[in-house]
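# What the coordinates show
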Amino acid sequence: QSVLTQPPSVSAAPGQKVTVSCSGSNSNIGSNHVSWYQQLPGTAPRLHIYDNDKRPSGIPGRFSGSKSATSATLAITGLQTGDEADYYCGTWDSGLNVYVFGSGTRVTVL
Amino acid sequence: EVQLVESGGGLVQPGGSLRLSCVVSGFSVTSNYLNWVRQAPGKGLEWVSVIYGAGSTSYADSVKGRFTISRDYSKNTIYLQMNSLRADDTAVYYCARHLGGLDYWGQGTLVTVSS
């Protein structure tokens, strides 16, 4: 049972937009910055968003993040087949003094 | 160039022990938070442990009392000593640096706990 809640899957056609939600609590998302990770099959996760809405070098502008209160959202616009992957949110939990991940969301390009 | 390279995984019997290593290059193990994250087959990511720059540590409840994270400044390496291993510890174990987010990851090392 993950501390952060994500939908199991989302899908859209190429070129469309998808959003992935991540719901937490005051002690994690409500108090700390959120990151988003993309994991392609058989590979290590890759950071795509940090500090709620910042993109590391090399991550396309089609990926964006936002946070409001105890929830965060990842948006992918102009969806491409290469975006098919599992996406995880993550943040520190100040109450538990641990890092917590969401349950993961499979993004499918129809 | 920042790199993290794990090693030490393998097959171990229930109740056994294993020590994972993560050799770091491109930065000092004393200057950032370094974490272990695992992923059981077909499952999601699970955070395991962190060692902070000052040397303090934290653990997930699932491994507390069984796993120990440590570092060797001279070898620029972190370790995960895993004792009393159980079948549900079977996973790919990644080391990852936290700077903003978990920004650099190793390739992972597979630990299989089975008789």
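Starting afresh in each chain, residues are numbered from 1 along the sequence in its written order. Whichever chain is written first becomes A and whichever ligand is written first becomes 1, with later ones labelled in order. Predicted model: local features are reported for residues with pLDDT of at least 70 only, side-chain atom pairs are reported and counted for 80 or more only, and whole-chain, interface and lining totals are derived from all residues. Values shown for side chains rest on all heavy atoms present in the structure; no hydrogens or waters enter the calculation.

### As for the state of the cysteines
Counted only if it meets this: The rule for a disulfide is simple: a pair of cysteine sulfur atoms within 2.5 Å. In DSSP terms, a helix is any run of H or I states spanning at least four residues, a strand is any run of E spanning at least two, and both are numbered starting from the N terminus. Accessibility here uses a 1.4 Å probe with only protein chains present; expressed as a share of the type maximum, an area under 20% marks a residue as buried, one over 50% as exposed, and anything in between as partly exposed.
One pass over the full model with this rule turns up two disulfides over all chains. One disulfide bridge connects Cys22(A) with Cys89(A), the sulfur atoms lying 2.1 Å from each other. Around the S-S axis, the bridge from Cys22(A) to Cys89(A) shows a dihedral of about 75 degrees and counts as right-handed. Residue Cys22(A) is located in strand β2 (residues 18-23), and its partner Cys89(A) is located in strand β7 (residues 85-93); the two are separated by 67 residues in the primary sequence. With respect to burial, Cys22(A) and Cys89(A) carry one shared label: buried. The side chain of Cys22(B) participates in a disulfide bridge whose partner is Cys95(B); the two sulfur atoms lie 2.0 Å from each other. On the S-S bond that ties Cys22(B) to Cys95(B), the torsion sits near 65 degrees, and the link is right-handed.

### Notes on the pattern of salt bridges
Inclusion rule: Throughout this description, the term salt bridge denotes a Lys or Arg side-chain nitrogen within 4 Å of a carboxyl oxygen of Asp or Glu.
Under the defined criterion, the tally for this structure stands at nine salt bridges over all chains. Two residues, Asp83(A) and Arg62(A), come together in a salt bridge whose shortest N-O distance is 2.8 Å. Remark: Arg62(A) occurs in the loop between β4 (46-49) and β5 (63-68) and Asp83(A) occurs in the loop between β6 (71-76) and β7; sequence separation between them is 21 residues. Exposure class is identical for Asp83(A) and Arg62(A). Each is buried. Members of the salt-bridge network, linked through shared partners, are Arg38(B), Glu46(B), Arg66(B) and Asp89(B).

Geometric descriptors of this kind do not, in isolation, establish any biological role.
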